[in-house]
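One-letter residues, chain by chain:
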Amino acid sequence: MSPSVRPYRPGDHEALADICVRTAHLGGDARPHYRDPSVLPVLFAHPYAAFAPELCFVLDDGGRAVGYVLGTARTDRFVDRFRTEWLPRHAVRYPLPAGPAADNDEVMAGLLHDPERMRVPALKDYPAHLHIDLLPPFRRRGHGRRLMSAHLSALAVQGAARVHLGMVTANTRARAFYERLGFHEIPVPDAGELTYLGRETAAPLA
């Protein structure tokens, strides 16, 4: 049975976490790099499924989700809800570090407590943002394109004309994938280790 793209279901919650953790280190497994990698889906997967399930699509191999795309049509509103609704649920388990981050876990805890970092002035013309991840055996087979097509169409229906994403600059394979789909770089001052890419949601995939 060929993998198929379908809307997210609440029963995919744990699969989203697994995919997120197993792809979070430059596309590879993040578990060796964290004491508690459960912070990763709390940051990068589950809040989107909670706040915008209609924009969340998964790749189903016939048994479970093996990839996903998710995001928000309005980053500003997402940041507000993250601060007031999401962070209070998770702040105790992942407390704000008292000083400079000592390891990857504390770096991610710091990001969790700073949702306002997602408000980037240079991205104001790209109000939506997304995350897409596929387990390694399902890459380079056209599934990422199918996921992205479903998500971009859903964003366009919601009136989000442009979308952006942030990627670790060192992840050159991911950059090549996004460029094949028509994403272009958006200049962002002081972006650190990240590169920001964007595109129109209604434009055909390249």
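Above this note sits the structure.
What's the story with the pattern of salt bridges in this structure? I'm lost.
Oppositely charged side chains are able to pair whenever their charged atoms sit close together. Counted under the stated rule, the structure contains 14 salt bridges. Here Asp-12 makes a salt bridge to Arg-6, at a shortest N to O gap of 2.8 Å. Each member of the pair, Asp-12 together with Arg-6, is buried. Put simply, Glu-116 and Arg-83 hold a salt bridge, and the shortest N to O gap is 2.7 Å.

How should the environment of Ser-4 be read in this particular structure?
The topology assignment puts Ser-4 in strand β1 (residues 4–7). A residue is classified by how much of its surface remains accessible, and Ser-4, at 28% relative accessible area, is partly exposed. When the C-alpha positions of Ser-4 and Gly-62 are compared, they lie 7.8 Å apart, and in sequence the two are 58 residues distant. Non-local contacts of Ser-4, meaning those with residues more than four positions away in its chain, are made with Val-58, Leu-59, Asp-60 and Arg-146.

In this structure, what is going on with the sheet that holds strand β4 (residues 128–134)? I would like to understand it.
Two strands in a sheet stick together by hydrogen bonds in their backbones, pointing the same way (parallel) or opposite ways (antiparallel). Spatial strand order, β1-β2-β3-β4-β5-β7-β6: 7 strands in an open sheet with mixed pairing. The open sheet terminates on both sides in strands that have one partner only, identified here as β1 and β6 (184–185). As judged from the 4 bridges shared by strand β2 (residues 57–60) and strand β3 (residues 65–72), these two strands associate in the antiparallel manner. Looking at β3, one finds that Val-58 is bridged to Tyr-68. The strands that helix α4 (residues 75–90) touches are β3, β4 and β5 (162–168); relative to β4, the one it contacts most, it runs at about 75°.

What's the story with unusual backbone geometry in this structure? I'm lost.
A positive phi angle, close to 60°, is found at Arg-140, a residue other than glycine. Its place among the elements puts Arg-140 in the loop between β4 and α6 (143–157). Unusually for a residue other than glycine, Asp-190 sits at a positive phi of about 55°. Structurally, Asp-190 can be placed in the loop between β6 and β7 (194–200). The exposure class of Asp-190 is exposed, given its relative accessible area of 81%.

Would you mind going over the nonpolar core with me for this structure?
Considering soluble globular proteins, one finds that nonpolar side chains tend to be buried as a cluster. Formed by 58 residues in total, the largest nonpolar core has its most connected members in Leu-16, Leu-40, Tyr-68, Met-148, Leu-155, Tyr-178 and Phe-183. Sorting elements by how many residues they give to this core places α6 first, with 6 residues. With residues up to four places along the chain from it excluded, the contact list for Phe-183 reads Leu-130, Met-148, Val-163, Leu-165, Tyr-178, Leu-197, Gly-198 and Arg-199. Within the second largest apolar cluster, 6 residues are counted, among which are Tyr-126, Ile-186, Val-188 and Tyr-196.

About the thresholds
Throughout this document, residue positions are counted from 1 along each chain, in the order its sequence is written. Totals for whole chains, interfaces and linings use all residues, but because this is a predicted model, local features are given only for residues with pLDDT of at least 70 and pairs of side-chain atoms are given and counted only at 80 or more. As a convention, hydrogens and water are excluded, and side-chain values are obtained from all of the structure's heavy atoms. In what follows, salt bridge is the name for a side-chain nitrogen of Lys or Arg lying within 4 Å of a carboxyl oxygen of Asp or Glu. Partly exposed residues are those whose accessible area sits between 20% and 50% of the maximum for their type, while under 20% is buried and over 50% is exposed, using a 1.4 Å probe and protein chains only. The way it works is that DSSP assigns letters per residue, a run of H or I at least four long becomes a helix, a run of E at least two long becomes a strand, and they are numbered from the N terminus. Contacts are assigned to residue pairs with any non-hydrogen atoms lying within 4.5 Å of each other. The pairing criterion is simple: DSSP has to find at least two bridges between the two strands. Here the axes come from fitting lines to C-alpha atoms, over the contacting stretch only for helices, and the angles between their N-to-C directions go from 0 to 180 degrees. Side-chain atoms within 4.5 Å are what join buried Ala, Val, Leu, Ile, Met, Phe, Trp, Tyr and Cys residues into a set we call a nonpolar core.

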